[in-house]
Amino acid sequence: MAGLAVNVDHVATLREARKAAYPDPVAAAAIVEMAGADGVVVHLREDRRHIKDRDLKILKETVKSKLILEMAPTPEMIGTALEIKPDLVTFVPEKRTEVTTEGGMNLSLNQESIADAIETLKCAHIPVSIFIDPDPEQIRMAHKISAALVEIHTGGFCDAETPQQQKRAFLNIVNAAKLAKKLGLGVNAGHGLCYHTIKAFTGIHDIDEYSIGHSIISRAVMVGLDRAVRDMAALVRAL
Ligand code: PXP
């Protein structure tokens, strides 16, 4: 049975839209855990556009399942990971101007520095996963530099524009997961998965855990809106 790790970044995005104190991703993390999530994921970005250092510090104290920190493998972030000690670090590439993570890490570049970062975190007993495109070469490189896990990028499949593209992208993911498993890596997958695309993964047993954020937080807004309006309407009518 596969697991589900829920990314709560977009709760923080909503908070930051108003620079308010709510909604708090820490409170959201408690709710996702109570609802059965196997892990809570946050991406601490260099520009702190959504998740803040404060969130991460409190989440380390409150998350009971598994705290997964997505981050770029920069010296600043390595320092933060060593201080916080999340249950898992996922290395992701990061561009300041991107709206969301645009692709997997390219391990052909900076292989040595990424290997050093993995070693540093490993010495502190923090396992490292690498967010990676479903490319056999990249999977082999992740194994070579001693990553404990890979997270296979599912965005190409979710965003495919034609059924043919989608079929090819899906096969790439399945084959990448199979190879990673064969090499002894833990296998996660994520990015862009929604309530429709997740169904394609029925019967795929090489993927241990799915990391999903945007579609879940989006649905929460929709399924929660009716109740939220009723609560406010009751207050207004009682004035
Ligand atoms: N995995 C990684 C590495 C990501 O960067 C993201 C987006 O923050 C996700 C999974 C979740 O993607 P989504 O929000 O589209 O479900």
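Residues numbered from 1 in each chain as written. Predicted model: local features only at pLDDT ≥ 70, side-chain atom pairs only at ≥ 80, totals over all residues. Heavy atoms only, no water.

Engineer: An account of the nonpolar core is requested, with residue identities and associated values reported.
Structural biologist: Ranked by size, the top nonpolar core spans 63 residues in total, and within it Phe-91 and Ile-130 carry the most contacts. Here this core takes 8 residues from helix H8 (residues 163–182), the largest share from any one element. Setting aside anything within four residues of it in sequence, one finds Phe-91 in contact with Met-71, Pro-73, Ile-78, Met-105, Ile-114, Ala-117, Ile-118, Leu-121, Val-128, Ser-129, Ile-130 and Phe-131. Ranked by size, the runner-up nonpolar core spans 5 residues in total, among them Val-41, Ile-68, Leu-88 and Leu-149. (Core = buried A, V, L, I, M, F, W, Y, C linked by side-chain atoms within 4.5 Å. Buried < 20%, exposed > 50% of the residue type's maximum accessible area, 1.4 Å probe, protein only. Helix = DSSP H or I, 4+ residues; strand = E, 2+ residues; numbered from the N terminus. Contact = heavy atoms within 4.5 Å.)

Engineer: Got a sec to walk through the pairing of strand S7 (residues 186–190)? Specific residues and values, please.
Structural biologist: Counting buried positions along S7 gives 5 out of 5 residues, so the element sits mostly inside the fold. Of the two faces of S7, the one lined by Gly-186, Asn-188 and Gly-190 and the one lined by Val-187 and Ala-189 are each fully buried. The pairing of strand S6 (residues 149–153) with S7 spans 5 bridges and is classified as parallel. Bridged to Glu-151 within S7 is Asn-188. (Pairing = 2+ DSSP bridges.)

Engineer: Tell me about the packing of aromatic side chains, and name the residues and values.
Structural biologist: Throughout the structure, instances matching the rule amount to 4 aromatic pairs. Between Phe-157 and Phe-170, the aromatic rings sit 5.2 Å apart at their centres with planes inclined by 50°, giving tilted as the arrangement. Pair noted here: Phe-157 is in helix H7 (residues 155–158) and Phe-170 is in helix H8, with a separation of 13 residues, a long-range link. Residue Phe-157 shares its accessibility class with Phe-170, and that shared class is buried. Pairing Phe-157 with Phe-201 gives two aromatic rings, centres 5.7 Å apart and planes at 90°, and the pair type is edge-to-face. Pair noted here: Phe-157 is in helix H7 and Phe-201 is in the loop between S7 and strand S8 (209–212), with a separation of 44 residues, a long-range link. Taken together, the ring pairs in this structure connect Phe-157, Phe-170, Phe-201 and Tyr-210 into an aromatic cluster. The ring of Tyr-195 has Arg-219 lying over it, and the distance from NZ or CZ to the ring centre is 3.7 Å. (Phe/Tyr/Trp six-rings, centres within 6.5 Å; stacked < 30°, edge-to-face > 60°. Lys NZ or Arg CZ within 6 Å of the ring centre and 35° of its normal.)

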